[in-house]
Amino acid sequence: MYINGAWVDAQSGETFEVTNPANGEVIGHMPAGGAPDAEAAVEAAHQAFKTWSNTTAYQRADLLYRAWQLMTERAGDLAQLMTTEQGKPLRASRNEVNYGADFLRWYAEEAKRVAGEWLPSSRADQRFLVLKQPVGVVAAITPWNYPISMLTRKMGPALAAGCTLVLKAAEATPLCAKAIFEIFHDAGFPPGVVNLVTALDPKPIGEVFTSDPRVAKLTFTGSTAVGSMLAGQAAGNLKRVSVELGGHAPFIVFPDADPVHAAKGAAALKFLNSGQACISPNRLYVHTSGADAFIATLTERVGKVKAGNGMSEGVGVGPLVNEAAVAKVARQVDDARDKGAAIPVGGSRLSDGDFAAGHFYAPTLVTGVTDDMVIYREETFGPVAPVIVYDDVDSVLDQANDTHYGLAAYVYTQNINTAFRAFEGLRFGIVGINDVNPTSASAPFGGMGDSGLGREGGHEGIAEYLEVKLGGFSI
Ligand code: ADP
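Residues numbered from 1 in each chain as written. Predicted model: local features only at pLDDT ≥ 70, side-chain atom pairs only at ≥ 80, totals over all residues. Heavy atoms only, no water.

This brings us to the packing of helix H3 (residues 75-86) against helix H4 (residues 90-110). At a closest axis distance of 8 Å, the pairing of H3 and H4 adopts a crossing angle of 125 degrees. Between H3 and H4, the crossing angle belongs to the class labelled oblique. Along this stretch, H3 crosses H4, giving a crossing that reads as right-handed. Residues Ala 75, Leu 78, Ala 79, Gln 80, Met 82 and Thr 83 of H3 touch H4, and the partners they reach there are Leu 90, Ser 93, Arg 94, Glu 96 and Val 97. When grouped by side-chain class, the residues that make up the contact of H3 with H4 number six nonpolar, three polar and two charged. (Axes fitted to C-alpha atoms, helices over the stretch in contact; angles between N-to-C directions. Helix = DSSP H or I, 4+ residues; strand = E, 2+ residues; numbered from the N terminus. Parallel < 35°, antiparallel > 145°, perpendicular 65-115°, else oblique. Left-handed = near helix turned anticlockwise from the far one by under 90°. Contact = heavy atoms within 4.5 Å. Nonpolar A, V, L, I, M, F, W, Y, C, P; charged D, E, K, R; others polar.)

This is the structure we're talking about:
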């Protein structure tokens, strides 16, 4: 773990194994930290805040730029590590490293754009000054599915704002976190400004993060169940909270769209990270007029997606994170099959030969999905594309909105009015219009409803780490 500028073991001396999900090989050991380690990290961040919060934005920007440079230089090694630890194909790992690095560069720039306001008063002898200040010590909890970019998406804006932080990495991907903290160390961030805690049991760490009075803010990315529990704990202690949680994205193909083009987009998007993304489409609604062409193209595309070890050339879908993830996907697909869905491609675990020691599920297409199926409501987090054919254009937005989640939605249409109606009418934080990659360091990412609170990226992303202070001046 990295606490107060030094690499340390857990105070208990315990460690845990890190494995490769493609073949079960042990690839490292990390400290199994507990509450005392989290408290030590919080204390380090608390002490460092006094000086870090008084650095200039230019000083913070220089360090963030340096970290960005190092990350860019080490991109090849980081991608290899990510594929080995998390499983995604090497090319996808490279993309994630670039995306992750961009948060450091973008917030190095944004650090210098944090401005206040000078406001007039109705009293002639009064002026108002609005000042933005860093909230204080940030506690961050990150997931395994994007084991680098989910760290920098929090660290970039928090550090740019002048906050210090303690981060607990996911138990499946602590090696990627370690590699990122090595970069921050080498970039020259002062001791205590960034701290990394690793743990096999996250619960005691979460309790420290949500109850310690020295922590000002909790930022979490992960499941809705854990996020809402932690947000509740943190709210009880009046901490600021941002949580980026699950999703159940609709993907709507309107009658005027090209169904073949839409199917290509759906196939590219659905199998990113083996479907283990909170913005992965979980309900593909295609109008009857384009259904045959859409399903034919998707059948062909999904049939060509090769599963395997992400290190191998040509692999489009890597392993899932663990056996529980495979079991969840299998349960959803079996339920759909039992309730009458057709499965033209895939529909089973992959467990023979090279797949035996890993956690694989076949790239799968499910058609004839209905709203009584588990897959229609529950997040899948696996390589399964569920298709629903619809007839009534007027009610498809209502169908798409029929979920407690509200993170991402996708729309294919060539009609500008339909595009605007969909953009305004969908109750989701992110809407891709003929676009399957509506994410960037410069843009606010986040959800409504059960998908979370707050935004990451863009101007909104740094606001989450700033307090607003009002000064009233009598002159
Ligand atoms: P997933 O189902 O995607 O693994 P989780 O919400 O379980 O999502 O995990 C996301 C992050 O939350 C991980 O870093 C994990 O260690 C952490 N986490 C899980 N349970 C708790 C908890 N009770 N307290 C604090 N952190 C937790």
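Turning our eyes to something else, we now look at the site of the ligand. Taken together, 16 residues are adjacent to the ligand, and Thr 142, Trp 144, Lys 168, Glu 171 and Ser 223 come closest. Thr 142 is positioned with one of its backbone polar atoms (N or O) 2.7 Å from an oxygen atom of the ligand. Starting from 540 Å² of accessible surface for the ligand in isolation, the protein chains cover 79%. Counting residues per element, the ones that place at least two in the shell around the ligand are helix H7 (203-211), strand S10 (215-221) and helix H8 (224-236). Broken down by element, the residue count for the shell around the ligand peaks at three residues, all from H8. Per-class residue counts for the shell around the ligand are eight nonpolar, five polar and three charged. (Near = heavy atom within 4 Å. Polar contact = N/O pair within 3.5 Å; in protein donor to acceptor, adjacent residues only side chain to side chain. Areas by Shrake-Rupley, 256 points an atom, 1.4 Å probe, with all protein chains shown as cover.)

A few words now on the packing of H4 against helix H5 (residues 149-161). Orientation of H4 relative to H5, taken along the N-to-C sense of each, is 5 degrees, at an axis distance of 8 Å. Between H4 and H5, the angle falls in the class roughly parallel. Between H4 and H5, the residues in contact are Glu 96, Tyr 99, Gly 100, Phe 103, Leu 104 and Tyr 107 and Ser 149, Thr 152, Arg 153, Gly 156, Pro 157 and Ala 160, respectively. In terms of residue class, the contact of H4 with H5 is made up of six nonpolar, four polar and two charged.

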